[in-house]
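In case you want the letters, here they are:
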Amino acid sequence: MKKMKKLFALALTAALTLSLAACGASTTKMTMGTGGSAGTYYGYGGVLGQYIKNKAGIDVTVVATDGSKANIQGIAAGDYQLGTVQSDVMAYAWEGTRSFESTGKIDSFRVVAGLYAESVQLVTMDPSIKSVADLKGRSVSIGAPGSGVYFNATDVLAAAGLAETDINAQYQSFADSADALKDGKIDAAFIVAGAPTPAITELCTTNSAYLVPIDGAVADAMMAASPFYTAYVIPAGTYPGQDSDVTTVTVKATLIVDAKASDDAVYNLTKAIFDNAADIAKENGKGAELSLDNATSGMTAPFHKGAAKYFAEKGVTVDAQ
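Bear in mind the structure is a predicted one, so any value in this text is a computation, not a measurement.

**Examining the layout of surface pockets**
There is about 450 Å³ of room inside the largest pocket. Secondary-structure elements contributing two or more residues to the lining of the largest pocket are α2 (40–56), α3 (68–77), α5 (148–159) and β7 (188–193). Of the residues contributing to the lining of the largest pocket, the split by class is nine nonpolar, 14 polar and three charged.

**Notes on the side chain of Thr154**
The residue Thr154 is located in helix α5 in this model. Once residues within four sequence positions are removed from consideration, Thr154 is found in contact with Arg98 and Glu164.

**Looking at the nonpolar core**
Looking at soluble globular proteins, one finds that nonpolar side chains tend to be buried together. Ile52, Ile72, Phe109, Val123, Leu135, Phe190 and Ile214 are the most contacted members of the largest nonpolar core, which has 102 residues in total. Among the elements that line this core, the one with the most residues is strand β4 (residues 109–124), at nine residues. Not counting residues up to four positions away in its chain, the partners in contact with Ile72 are Val85, Val89, Met90, Ala93, Phe100, Ile106, Phe109 and Ile256.

**Some words on the environment of Leu255**
Position of Leu255 relative to the elements: it lies in strand β10 (residues 246–258). Contact partners of Leu255, with chain neighbours within four places excluded, come to Met32, Gly83, Thr84, Val111, Val112, Ala113, Leu115, Leu269 and Ile273.

**Looking at helix α4 (residues 87–95)**
The buried fraction of α4 amounts to eight of the nine residues, a majority that puts the element mostly inside the structure. Taken as a whole, α4 has its buried residues at Ser87, Asp88, Val89, Met90, Ala91, Tyr92, Ala93 and Trp94. Note on α4: the residue one or two positions beyond its end, Gly96, has a positive phi of about 70°.

**Observations regarding the pairing of strand β2 (residues 59–63)**
The pairing of strand β1 (residues 29–33) with β2 spans five bridges and is parallel. Within β2, the position partnered with Met32 by the bridge is Val62. Once the chain exits β1 it traverses α2 before rejoining the sheet at β2, and the crossover so formed is right-handed.

**Focus: the packing of aromatic side chains**
In the structure shown here, the tally under the stated rule is 11 aromatic pairs. Taking 6.0 Å as the distance between ring centres and 85° as the angle between the ring planes, the aromatic pair formed by Phe303 and Phe311 counts as edge-to-face. Take Phe303 and Phe311: they sit in the same class, and that class is buried. With centroids separated by 5.6 Å and ring planes inclined at 75°, the aromatic side chains of Tyr310 and Phe311 adopt a geometry described as edge-to-face. Take Tyr310 and Phe311: they sit in the same class, and that class is buried. One aromatic cluster is present, built from ring pairs that chain together Tyr92, Tyr150, Phe151, Tyr171 and Phe228. For Lys105, the ring lying beneath its charged end belongs to Trp94, and the centroid distance is 4.5 Å. The positively charged end of Lys309 is found above the aromatic ring belonging to Tyr267, 4.7 Å away from the centroid.

**A short note on the environment of Ala159**
By the secondary structure assignment, Ala159 is in helix α5. For Ala159, a relative accessible area of 24% gives the class partly exposed. Discounting chain neighbours no more than four positions away, the residues touching Ala159 are Val218, Ala221 and Met222.

What counts, and where the lines are drawn
- Within any chain, residue numbers begin from 1 and follow the written order of that chain's sequence.
- This being a predicted model, a pLDDT of at least 70 is required before a residue's local features are given, and a value of 80 or more before pairs of side-chain atoms are given or counted; all residues contribute to the totals for chains, interfaces and linings.
- Side-chain descriptors were evaluated using all non-hydrogen atoms of the structure, hydrogens and water having been removed beforehand.
- Think of a 1 Å grid over the protein atoms and nothing else: a 1.4 Å probe that fits but is trapped marks a cavity, an open set flanked by protein within 12 Å on at least five of seven lines marks a pocket, and residues with an atom within 4 Å of a point count as lining.
- Grid points are joined across faces, edges and corners, and a volume is the space filled by probe spheres set on the points.
- Numbering goes from the N terminus for both helices and strands, where a helix is a DSSP run of H or I of at least four residues and a strand is a run of E of at least two.
- Side-chain classes are defined by residue name, with Ala, Val, Leu, Ile, Met, Phe, Trp, Tyr, Cys and Pro counting as nonpolar, Asp, Glu, Lys and Arg as charged, and the others, Gly among them, as polar.
- Here, residues are in contact when the closest pair of their heavy atoms is within 4.5 Å.
- As used in this record, nonpolar core signifies buried Ala, Val, Leu, Ile, Met, Phe, Trp, Tyr and Cys residues forming a set joined through side-chain atoms within 4.5 Å.
- With a 1.4 Å probe rolled over the protein chains alone, any residue whose accessible area is under 20% of its type maximum counts as buried; one over 50% counts as exposed, and the rest are partly exposed.
- Only when DSSP finds a minimum of two bridges between them are two strands counted as paired.
- Seen with the strands pointing away from the viewer, any crossover whose path from the first strand over the helix to the second strand runs clockwise is right-handed.
- Pairing of aromatic side chains requires ring centres within 6.5 Å, counting the rings of Phe and Tyr and the six-membered ring of Trp. Pairs whose planes differ by under 30 degrees are stacked, by over 60 edge-to-face, and all others tilted.
- Charge-over-ring contacts are defined here by two conditions on Lys NZ or Arg CZ: a distance within 6 Å of the ring centre and an angle within 35 degrees of the ring normal.

Below, the structure written as structure tokens:
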């Protein structure tokens, strides 16, 4: 009888130990809003999510969304805890301007890090379109109304002396734009994403698609009017059939997080990304742009304190709230 009681006590102790361990091992869960399934945000977000899960112990669910504005609003609504956004759209939200003018300022997010250059890419299959000015009177996809792509496209048009009314504007996603180009329903499309962008790669692989430069006076006017834009060269060979460099302008893809996320969680996920940058680059080409300079420069909203702690350990001080 004593032996049975002892065995029962040992079993009970083991069960309690396992129960307590399970309670203490609760995993932080986050949902990451990215972009359309044919864009760079979604694929790259999936890679980052895996490293955050495997290296920081945070269970990340990556979802396709309508992009920057939707991700910022999703964090504000509590639907997402992480999001990939254009640096210019992030600034609009923080300041309550442009795409956030009607809805008002949103400041419920903080910056984790800048990730990579997002090229403003103007793609066409029409050999008569050689410059932005050639878009006049044409059917052109300029992104969803109020989206980051939309404002980038209208900035490009304005710099070339064109208004939205000077084109037959279509408001389509990357994938829909690619399909419309293939079907001859539109003449050109603006796609703002890291190059190479899957939707454009597919177009260039199976069709005679090419990029139109956004350079010279057009690029100069854009950079003079807005601090978000910088000159950028898409190297020859980025896309099938691209035999020479293409000059354009760029903004920056940025990872943001819910301001309420714990400092420890954000520190750990930042560390998971940047301590494993070389391995991430092997899985997605945009990982090659992960650097302390890219991560911390050109941000117009404050960093999360957890991210700031990581960068401080690397000798870089950022504005944090």
